[in-house]
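# Descriptive analysis of the structure
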Amino acid sequence: MRVEIPYVDGVLTPAQIVATAGSIARAQEASGAIPWVPGQHTDIWNHVEAAMGLLVGGLVEEAEAAYDWIPSLQNGDGSWPMKIVAGSAVETIGESNMSAYFAVGLWHHWLIRRDRTFVERLWPSVRAGLDFVVGLQLPFGGIAWTPRDPFALLTGSSSIYQSLRAGVALADLMDDPQPEWEIVGGRLGHALRHHRDSFEDKSHHSMDWYYPVLGGAVVGADGHDLIASRWDHFVRPGLGALCVDTNPWVTGAETCELAMALDNIGDHRRALRLLTEMQHMRADDGGYWTGWVYESPDYPNPNPNAYWPEEHSTFTAAAVILAADALGERYGGSTPGSAIMRGTSLAAPFEELALECGCETSSAGIPRSM
């Protein structure tokens, strides 16, 4: 059911979603920037995620202030600084994943608000960001992390795949075709499906496990197989998903992202279970603790002393809101932007054309075995 504010029956009410959006707004700076937590740094990826959370939570003015701020920090090459503190760039080099994600946020705004004037105003900034990103593609198909770092990150490249599909959808809306983005997207999707061992090894992070599914490049039976491959390694029943496998620390954002990845492949029941189980991280004011440290494999009941770090992070709150919107389609109510992670509202998946990795491509754009 389409509603103004989403909800998930028995898990989160519309009023609770509004309260969680309010926790993001309380961290927002006067400029419109949304740091990880009040007084800390901002990066464009997490800023956009938080802006989407604001919009789903009904805080339109705050969300649009967040989007309007983004072009003010854009580098001349179309990228955004990796780290911004109090309105100043402290790490100026552009990072590919951060520089791509504005496309997802702007398309999400269009899905909910249908405000063409707003899209037209910010489209040049999005286009410049994606032009920067596609220029960093490596021969095997992954996207380099930065112009100075000649390796690709699996998590970041998976998110970029989603961003390119959002970018092509925006380009179609603006009648400004970008065929290069589609070719790059096809090569990138191929790499995420067939060359994951060519990315920098960050396999101790749970994100490297589920992000190819969350970003939409690996779905269907392959998506189910990928999720099954490390489920027991990263998921702690009753608590949530680990951030890294080196520490006994479950985190709210990763748990909600994993829930959305499950939703992408139709595993709705486990997705709902994850969203339900992570609610032990909810604070009284609607915010969410970043993570919870458990003491033993027996997973003792949560207690306030185990929350770490002692912060309510905006990116965690945003992930909860977006997961609730996605699952609300089936288990409650959702907004017109609820499929932003599932990809059904994005441009179609890209064909695998003009590969540079050595794989052959059939005339239909499907690679043949080497």
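On a predicted model such as this, the values are computed, not experimentally measured, just so you know. (Residues numbered from 1 in each chain as written. Predicted model: local features only at pLDDT ≥ 70, side-chain atom pairs only at ≥ 80, totals over all residues. Heavy atoms only, no water.)

With the rule as written, the count across this model stands at 15 aromatic pairs. Their ring planes at 10° and their centres at 4.2 Å tell us that tryptophan 45 and tyrosine 101 sit as a pair that is stacked. Taken as a pair, tryptophan 45 in helix α2 (residues 44-56) and tyrosine 101 in the loop between α4 (96-100) and α5 (102-113) lie far apart in primary sequence, 56 residues in all. Tyrosine 101 carries the same exposure label as tryptophan 45, and that label is buried. (Phe/Tyr/Trp six-rings, centres within 6.5 Å; stacked < 30°, edge-to-face > 60°. Helix = DSSP H or I, 4+ residues; strand = E, 2+ residues; numbered from the N terminus. Buried < 20%, exposed > 50% of the residue type's maximum accessible area, 1.4 Å probe, protein only.)

Moving on to the layout of surface pockets. By volume, the largest pocket is sized at about 1000 Å³. Around the largest pocket sit 34 residues that line it, and Trp36, Asp43, Asn46, Met207 and Glu254 are the ones nearest its centre. Of all elements in the fold, only α2, β2 (81-85), α4, α7 (154-173), α9 (206-214), β8 (249-251), α11 (252-264) and α13 (314-331) reach the threshold of two or more residues within the lining of the largest pocket. Its residues assigned to classes, the lining of the largest pocket shows 14 nonpolar, ten polar and ten charged. (1 Å grid on protein atoms, 1.4 Å probe; cavity = no way out; pocket = protein on both sides within 12 Å on 5 of 7 lines; lining within 4 Å. Points joined across faces, edges and corners; volume = space filled by probe spheres on them. Nonpolar A, V, L, I, M, F, W, Y, C, P; charged D, E, K, R; others polar.)

Our next topic: empty space enclosed by the protein. In the structure shown here, the tally under the stated rule is three cavities of 30 Å³ or more. Lining the largest cavity, in full, are Glu95, Ser96, Asn97, Ile143, Ala144, Trp145, Leu153, Gly156, Ser157 and Ile160. Those elements giving two or more residues to the lining of the largest cavity turn out to be α4, β4 (144-146) and α7. A total of three residues in the lining of the largest cavity trace back to one element, the largest contributor, which is α7. Of the residues that constitute the lining of the largest cavity, the class distribution is five nonpolar, four polar and one charged.

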